[in-house]
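Topology and contacts: notes
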Amino acid sequence: MRKKIVAGNWKMNLSIAEGVQLVKNIINEMPSLQGHQEVVFCTPFTHLSSVANELNQNVNIQVKLGAQNCNDHASGAYTGEISSSMLQEIGVSHVIIGHSERRQLFHESNAFLKSKVDTLVASKMQILFCCGEPLEIREANGQNEYVANQLQESLFHLSAQDFLNQITIAYEPIWAIGTGVTASTAQAQEMHAFIRNLISQQYSESVASEISILYGGSCNAQNASELFANEDVDGGLIGGAALKAETFLPIIKALH
Ligand code: 13P
């Protein structure tokens, strides 16, 4: 069954103590999740162990721990980097790959992201794969081709089985991230349906129907219900609104 997911991407925010308190508050007040629903906390590397401890004290196995990046090598002389096995060792199940901030600020190419995807697939970790176009591409109406190319070059070499078992897509139009400008529900649905159709062509209709496609970009307590009501929008990858319980909880509730 296709999962409905709300993932919080904390980016480089919150102290460890603040992060643990936030998770505690959210878990205490969260509605109980149904079998196909998941909540993921994607914290900075330094916070993962403490948040893992907090999650371990909770019986809700549908609340998961995610990292925001991972190196594409198993081990070795890569100063400052973190491997997939190091993440797994502390209970991380999900990793965000290809966030636009990493693509733009750290020059991560589709080819480089492909190699991270391969490493994570080999480690059997869940990949939250981000795609999305910059404003100038949207203004020139080139968004479909742009996103198709991102998926083609980093994901579509995977087998149907690996794609199905380990990939969640997050469509995050760059012009909507942290700007307060959200894609309209029509724009989100249109792109999500386009992505699902691409997956159907590449793999099969049944694979496409099982893949979760999340929306990200100024998703908040006010607009989440409307966005998630779209047929092809299976939840959200949330930035700013994931940093406070009072703004993140209504987004989780919007899954219902
Ligand atoms: P905002 O929700 O702050 O726009 O960020 C979205 C995002 O980049 C999540 O990965």
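Residues numbered from 1 in each chain as written. Predicted model: local features only at pLDDT ≥ 70, side-chain atom pairs only at ≥ 80, totals over all residues. Heavy atoms only, no water.

Overview of helix H9 (residues 185-202)
- With 18 residues, H9 extends 26 Å between its outermost C-alpha atoms, agreeing within 8% with the 26 Å of an ideal straight helix rising 1.5 Å per residue.
- Considered for burial, the residues of H9 that qualify are Ala188, Gln189, Met191, His192, Ile195, Arg196, Leu198 and Ile199. (Helix = DSSP H or I, 4+ residues; strand = E, 2+ residues; numbered from the N terminus. Expected span 1.5 Å × (residues − 1). Buried < 20%, exposed > 50% of the residue type's maximum accessible area, 1.4 Å probe, protein only.)

Topic: the site of the ligand
- The immediate surroundings of the ligand are formed by 13 residues, with Lys11, His99, Gly178, Ser218 and Gly240 found nearest.
- Between the ligand and His99, the relevant distance is 2.7 Å, taken from an oxygen atom to a side-chain nitrogen or oxygen of the residue.
- At 2.7 Å, a backbone N or O of Ser218 approaches an oxygen atom of the ligand.
- In the complex, the protein chains occlude 95% of the 310 Å² of accessible area that the ligand would expose alone.
- When its residues are assigned to classes, the shell around the ligand shows 4 nonpolar, 7 polar and 2 charged. (Near = heavy atom within 4 Å. Polar contact = N/O pair within 3.5 Å; in protein donor to acceptor, adjacent residues only side chain to side chain. Areas by Shrake-Rupley, 256 points an atom, 1.4 Å probe, with all protein chains shown as cover. Nonpolar A, V, L, I, M, F, W, Y, C, P; charged D, E, K, R; others polar.)

Here's the deal with the packing of helix H1 (residues 16-29) against helix H2 (residues 48-56)
- Two numbers describe how H1 lies on H2: the axes approach to 9 Å, and their chain directions differ by 25 degrees. Comparing their axes, H2 and H1 come out roughly parallel. As for how H1 packs across H2, the hand of that crossing is right-handed. Touching Ile16, Val20, Val23, Lys24 and Ile27 of H1 are Ser50, Val51, Glu54 and Leu55, all from H2.
- Partitioned by chemical class, the residues of the contact of H1 with H2 number 6 nonpolar, 1 polar and 2 charged. (Axes fitted to C-alpha atoms, helices over the stretch in contact; angles between N-to-C directions. Parallel < 35°, antiparallel > 145°, perpendicular 65-115°, else oblique. Left-handed = near helix turned anticlockwise from the far one by under 90°. Contact = heavy atoms within 4.5 Å.)

Concerning the packing of helix H5 (residues 110-122) against helix H7 (residues 143-154)
- Where H5 meets H7, the closest approach of the two axes is 8 Å, and the angle between their N-to-C directions is 50 degrees. When the axis of H5 is compared with that of H7, the two are oblique. Helix-helix and strand crossings are classified by hand; for H5 and H7 the assignment is right-handed. Residue-level contacts link Asn110, Leu113, Lys114 and Val117 of H5 to Asn149, Gln150, Glu153 and Ser154 of H7.
- Class assignment for the residues of the contact of H5 with H7 results in 2 nonpolar, 4 polar and 2 charged.

Let's talk about the environment of Met12
- In this fold, Met12 is placed in the loop between strand E1 (4-9) and H1.
- In this structure Met12 comes out as exposed when scored by relative accessible area, which is 82%.
- It is 9.6 Å that separates the C-alpha atoms of Met12 and Gln68, two residues lying 56 residues apart in sequence.

Remarks on the nonpolar core
- Ranked by internal contacts, the top residues of the largest apolar core, which has 70 residues, are Leu151, Leu155, Phe163, Ile169, Ile195, Ile199 and Phe228.
- The residues touching Phe228, leaving out its near neighbours within four places in the chain, are Val6, Cys219, Val233, Gly235, Gly236, Ile251, Ala254 and Leu255.
- Ile5, Ala7, Val40 and Leu237 belong to the second largest nonpolar core, which has 10 residues in total. (Core = buried A, V, L, I, M, F, W, Y, C linked by side-chain atoms within 4.5 Å.)

Digging into empty space enclosed by the protein
- Applying the stated rule across the entire model yields 1 cavity of 30 Å³ or more.
- The computed volume of the largest cavity comes to approximately 40 Å³.
- Contributing to the lining of the largest cavity are Gly98, His99, Ser100, Arg103, Cys130, Cys131, Gly132, Gln150 and Glu172.
- Within the residue set of the lining of the largest cavity, elements represented by two or more residues are helix H4 (100-105) and strand E5 (126-131).
- When its residues are assigned to classes, the lining of the largest cavity shows 2 nonpolar, 5 polar and 2 charged. (1 Å grid on protein atoms, 1.4 Å probe; cavity = no way out; pocket = protein on both sides within 12 Å on 5 of 7 lines; lining within 4 Å. Points joined across faces, edges and corners; volume = space filled by probe spheres on them.)

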